[in-house]
Amino acid sequence: MTQADIPAPPEHWEADVLLRDGRTAHIRPVRPDDRELLLEFYDRVSDESKYYRFFSPMPRLSDRDVTRFTHVDYVDRVAFVLTLQGQMIAIGRYDVVEPGEAEVAFLVEDRHQGRGIAQILLEHLAQAGRERGVDRFVAEVLPDNVRMIQTFRDAGYKVTSGYEDGVVSLEFPIEPTETAIGVMLGREHEAEARSIHRFFNPRSVAVIGASRRQETIGRVLVRNLVTGDFTGRLYVVNPNTAAVSGMPAYKSVNEIPDEVDVAVVAVPAEAVQDVVLDCAAKGVHGLVVISSGFAETGEEGRQRQRRLVGLSRSYGLRLIGPNALGIVNTDPNVRINASLAPVMPPRGRAGFFCQSGALGSAILEKVKNRGLGLSTFVSAGNRADVSGNDLLQYWEEDESTEVVMMYLESLGNPRKFSRIARRVSQRKPIVAVRSGRTTQGVPMGHAVRKIAAPPQAVDAMFRQAGVIQVDTLEDMFDVAQLLAHQPLPRGRRVAIVGNSDALGLLAADAAASVGLVVNKQIALPTEPTAEEFEDALDSAIDDPEVDAVVAVYIPPLSVSGEDVANVLAAVGEQSDKPLLASFLGAEGIPELLRVPDVAGSTAGRGSVPSYSSVESAVRALAKVVEYAVWLRTPDGPAPEDDRGDVLAARTLVHRALAARPGGGELNRDELAQLLAAYGIEVWPTVAVESLEEAQRSAEDLGWDVVLKATAEHLRERPDQAHVVRNIRGPVELREAWRTLTATVGDPADARFVVQKVAPPGVPITVRSIEDPLFGPVVSFGISGPLSELVGDRSYRIPPLSQRDAAAMVREVKAAPMLFGYRGSEVVDVAEVERLIRRVAALQNDVPQLSALDLSLVLAGPHGASVLTATAKVEPVADRRSDWFVRRLLTPPGDTIPQ
């Protein structure tokens, strides 16, 4: 077979990747036309590295060697190259030596060693191997090649080693274990956080497109950097003038005599690609592209944006934007305002990420007016490269950021967001507004893949990750100012202290409506003294039956309220319970209620947040309470016995797809075997096409049976006319057969079945799907048309913890039916939760399972019986290909340049 006859490698094997130092590179399968790239690469590799790779001096590659390295079959011989700035900087390959086993080896250019390249090659080779039926790698390494030996040992696989004839032999299975995945995710976190750190902490910034003309974008950027007191070096680039704002102007970035960390770009869209090349030649770390004229303008702009991202990454550059407002860091050691916003927000504890530039300006103004303060701010525009996920990775480690705020107009990689947010939320609260929740609308500049899951699944993902989701920006600020300045509440019990009976009642009503419990109300005189207010606050805070205090103060005429403010500030600073107020109708952190902060923030810990209305205060408190409850709820992984027989399930599905390559519904036997692999037993069911077959089956089952039609268009009829129950003998069966055939038609088309009557119970459904964007999604609800009509279902993203499954059962509105509603028996809820976890595990383990529907399960006091189930399988090429390898997201339809 010639190389021309060999099928091309899968498209998903090609990707942009982030290296350990936060810079980008490109990985792809090797090609026959890589001959010259390989020879040039090999000439740059040191003799020592060549010796380590080939165990002997090998200064040059022969023509035969070059052909062997560049011509592979992408099945038994697979090789990947890593490229940067059009040059090959590394190559790695595996060659199958016997079925299921392949030998793996790497060669990395010396000046790029230590950047984590070998680990990335190993990840991608292992994933390719798994897709091609390889289950273990072997490698031979010289004992002196300590770094390569460590690369294998640090990957998280179970490596065994031996030593013979002066060579260390290593062997390890490449199944992605929890340890290996954990190692990979740790490296991903380190690289992404480091790439953002370079943006926020530059030693030097160049503004490209700076102009002498007033109020041009470039001039505004320079002015904001200067007036914001940027502590680093600032350079301006404009080939058409000698100076801008009293600073010398350089004709290109490359002419700047010193290093440049970040370039802020404000040139016409068609000129941005030339700027990328100029910055790459200079060694700039990252670009903040303010320029518009990209994907937000239509198809031509989308193509321009794709070329921009591909070019930037191929030269090692990360990119914020395009069409961005910019970035801000209020750290006094940096003080960078590389944005179009004239307002440098005060120093604070919150990090803020948004996408819309216009909205970003309004946000910064609002932050200033509230006295909230920010640590860092990013408005990413079209977020073609850097996204909210990258910022979460950075903020998780940033000691200056205690609260994360996010305004999300789209989700490019929601599964990754969920994974990172779950981890970050354990340490720092995340408050998010998501636009388009109802319409699922996405701004023009944002390219995202189609979501098959309903909007409720996205909301559930946020809850599952501990993200505090609010409806408006005002709600976001209300919640964030409480989180940033007051301790978390221990529970839902609230005390209301105030000098207005009317507002006290409003607060109590608002609290009840959002699930808070008012345990104490202290009504003060209309004109209370500071001492009276202090005594009342102390009484509420000292009460062990109170978890949070809401103070309401409406001053009498001609009274400033300063004395009461001093009391509120003093009590708020000392209290270990949250104290929030509606003080003079003020919004934010009024100066009178601020506590000085030694870290330099506008308002310190203990400052008392104020709200324009008591309802706003109570709503904010309720959101914080929900987060505190989530944080303190005991959790743990699913029990070991929830894990199914993964190999048996995958083998069965592969066998089913071999029989029907295009996919389709599993038959009854296949489905029963698949579910049995995960400990789920399907109630005995016999398909029948004639009355005689039905009678024989009923006799075999011992009568007291059900006759029902199971065709897809019939099995969920709300009138239940497709089911006849409690058939105890031949006469009743004949009557049931006659009635059912008259109602639903031909028994073969209607897919008649006979079942033994199951123990009584509450009908429930458990479903799962494989979503193109989320991956596996599992849902739960009470079975029946009313639940379907009102959308009363709960959703989660596997893998599920015990807390996740318990929450799913309890958060549907019809949940009381499971817990003894109107005198009924309490069902075996533990078994229901176990069933949900096992369905989630099955969907998580088998990506070819496109849908699983346990459409009728009877949950009783002593277990749960699965009466009706269906499953569909589909062939997959790159589904979940990014689960076990690091890769930067490429929008749908994008092509990655070399």
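Everything below is about the structure shown above.
Please read these numbers as outputs of a predicted model, since none were measured by experiment.

**Some remarks on the packing of aromatic side chains**
Under the defined criterion, the tally for this structure stands at 18 aromatic pairs. Ring geometry for F152 against F172: centres 5.6 Å apart, planes inclined by 45°, an arrangement best described as tilted. Here F172 lies in strand β8 (residues 167-173) and F152 lies in helix α5 (residues 146-153), a separation of 20 residues in the sequence. Between the aromatic rings of F200 and Y394, the centroid separation amounts to 5.1 Å while the plane-to-plane angle is 45°, which identifies the pairing as tilted. Here F200, found in helix α6 (residues 178-200), pairs with Y394, found in helix α11 (residues 388-397); they are 194 residues apart in sequence, far enough to count as distant. Y394 carries the same exposure label as F200, and that label is buried. Aromatic rings pair up to connect Y94, F106, F137, F152, Y157 and F172 into one cluster.

**Here we look at the sheet that holds strand β25 (residues 548-553)**
Strand order across the open sheet formed by four strands is β24-β23-β25-β26, with parallel pairing between neighbours. Strands at the two margins of the open sheet, each flanked by one partner only, are β24 (517-523) and β26 (579-583). On average, each strand axis in the sheet is tilted by 20° relative to the strand beside it, whichever way the strands run. Two strands pair when backbone bridges link them, and strand β23 (residues 493-498) and β25 are joined in this way by five bridges, in the parallel orientation.

**So, the layout of surface pockets**
Taken as a whole, the second largest pocket encloses approximately 920 Å³ of empty space. Lining the second largest pocket are 32 residues, and of these R463, V467, K623, E626 and Y627 lie nearest its centre. Sorting the residues of the lining of the second largest pocket by element identifies α13 (455-464), β22 (468-470), α14 (473-485), α18 (614-632) and α25 (802-811) as the ones contributing at least two each. Counting residues per element, the lining of the second largest pocket draws most heavily on α18, which supplies nine residues. Looking at the lining of the second largest pocket residue by residue, the class counts come to 12 nonpolar, six polar and 14 charged.

**As for helix α3 (residues 63-70)**
Among the residues making up α3, those that are buried are D65, V66, F69 and T70. For α3, the arc enclosing every buried residue in end-on projection is 115°, short of the 170-degree limit, so these residues lie on one face. Turned more than 90 degrees from where α3 packs its buried face, D63 and R64 sit exposed. Contacts from the buried residues of α3 go to α1 (35-44), α2 (47-54), β3 (77-84) and β4 (87-98).

**Overview of the side chain of T24**
Residue position: T24 is located in strand β2 (residues 24-29). Its relative accessible area of 0% is what places T24 among the buried residues. Within the structure, the side chain of T24 is placed 3.4 Å from the backbone nitrogen of G316, a separation counted as a polar contact. Look past the residues within four positions of T24 in its chain and what remains in contact with it is V17, L18, L84, S312, R313, G316, L317, R318 and L888.

**Here we look at a nonpolar patch on the surface**
Together, L786, L789 and V790 make up an exposed nonpolar region whose accessible area comes to about 390 Å². Along the polypeptide, L786 turns up in helix α24 (residues 785-790).

**Here we look at the side chain of S855**
Mapped onto the fold, S855 is located in strand β35 (residues 849-860). Those residues in contact with S855, other than ones at most four positions away along the chain, are E716, I764, T765, S783 and T868.

**Here's the deal with the pattern of salt bridges**
Tallied over the full model, the rule gives 53 salt bridges. Residue K416 is joined to E188 by a salt bridge in which the shortest nitrogen-to-oxygen separation is 3.5 Å. With K416 in helix α12 (residues 414-425) and E188 in helix α6, this pair connects stretches of sequence that are 228 residues apart. K416 sits in the buried class, given a relative accessible area of 12%. In this structure, E474 engages K366 in a salt bridge whose closest nitrogen and oxygen atoms are separated by 2.9 Å. With E474 in helix α14 and K366 in helix α10 (residues 357-370), this pair connects stretches of sequence that are 108 residues apart. E474 sits in the partly exposed class, given a relative accessible area of 30%. Each member of the salt-bridge network shares a partner with another, and the members are D16, R313, R318, D385 and D390.

**Thoughts on the pairing of strand β18 (residues 347-354)**
When you tally the buried positions in β18, you get eight out of eight residues, the bulk of the element. Pairing between β18 and strand β19 (residues 374-379): six bridges, direction parallel. Residue A350 lies in a different strand from β19, and its bridge partner there is L374. The β-α-β motif built from β18, the intervening α10 and the parallel element β19 has right-handed crossover chirality. The sheet contact formed by β18 and strand β20 (residues 403-408) spans four bridges and is parallel. Residue pairing in the sheet places F353 in a bridge with M406 of β20.

**Quick notes on the nonpolar core**
Membership of the largest hydrophobic core comes to 58 residues, with the highest contact counts inside it found for L82, Y94, F137 and F152. A per-element tally of this core places helix α4 (residues 117-131) first, with eight residues.

**Things to note about the environment of R233**
Inspection of the secondary structure puts R233 in strand β10 (residues 233-237). Relative accessible area serves as the criterion here: at 37%, R233 is assigned to the partly exposed category. When the C-alpha atoms of R233 and R203 are compared, they prove to be 6.4 Å apart, with 30 residues separating the residues in sequence. Non-local contacts of R233, meaning those with residues more than four positions away in its chain, are made with R203, S204, V205, D258 and E259. Reaching out from R233, the side chain makes a polar contact with the side chain of Y235 at a distance of 3.0 Å.

**Points about the sheet that holds strand β28 (residues 685-687)**
Overall, antiparallel pairing links the four strands, which are arranged β28-β31-β29-β30 in an open sheet. Single-partner strands in this sheet number two, and they are β28 and β30 (723-727). Direction aside, neighbouring strands of the sheet carry axes that sit 20° apart on average. Here β28 pairs with strand β31 (residues 752-756) via three bridges, running antiparallel. Note that in β31 the partner of T685 across the bridge is Q755.

**Describing the pairing of β23**
Most of β23 sits inside the fold, with five of its six residues counted as buried. The pairing of β23 with β24 spans six bridges and is parallel. Paired with R493 across the two strands is V517, which belongs to β24. Remark: the β23/helix α15 (residues 501-513)/β24 crossover connection has right-handed handedness.

**Quick word on unusual backbone geometry**
A cis amide bond, omega -5°, links G321 with the succeeding residue P322. Inspection of the secondary structure puts P322 in the loop between β15 (318-320) and β16 (326-329). Backbone geometry at R335 places phi at a positive 50°, although glycine is not the residue there. Within the secondary structure, R335 sits in the loop between β16 and β17 (336-339). In this structure R335 comes out as partly exposed when scored by relative accessible area, which is 24%. With a phi angle near 50°, D704 is a residue other than glycine that sits in the positive phi range. Relative to the helices and strands, D704 is located in the loop between α21 (691-701) and β29 (705-709).

Reading the values: the criteria
Residues numbered from 1 in each chain as written. Predicted model: local features only at pLDDT ≥ 70, side-chain atom pairs only at ≥ 80, totals over all residues. Heavy atoms only, no water. Phe/Tyr/Trp six-rings, centres within 6.5 Å; stacked < 30°, edge-to-face > 60°. Helix = DSSP H or I, 4+ residues; strand = E, 2+ residues; numbered from the N terminus. Buried < 20%, exposed > 50% of the residue type's maximum accessible area, 1.4 Å probe, protein only. Pairing = 2+ DSSP bridges. Axes fitted to C-alpha atoms, helices over the stretch in contact; angles between N-to-C directions. 1 Å grid on protein atoms, 1.4 Å probe; cavity = no way out; pocket = protein on both sides within 12 Å on 5 of 7 lines; lining within 4 Å. Points joined across faces, edges and corners; volume = space filled by probe spheres on them. Nonpolar A, V, L, I, M, F, W, Y, C, P; charged D, E, K, R; others polar. Arc of directions from axis to C-beta. Contact = heavy atoms within 4.5 Å. Polar contact = N/O pair within 3.5 Å; in protein donor to acceptor, adjacent residues only side chain to side chain. Patch = residues over 30% accessible without salt bridge, like charges linked within 9 Å, V, L, I, M, F, W, Y side chains within 5 Å. Areas by Shrake-Rupley, 256 points an atom, 1.4 Å probe, with all protein chains shown as cover. Salt bridge = Lys/Arg side-chain N within 4 Å of Asp/Glu carboxyl O. Right-handed = clockwise from strand over helix to strand, strands pointing away. Core = buried A, V, L, I, M, F, W, Y, C linked by side-chain atoms within 4.5 Å.

Scope: geometric values only; no functional claims are made or implied.
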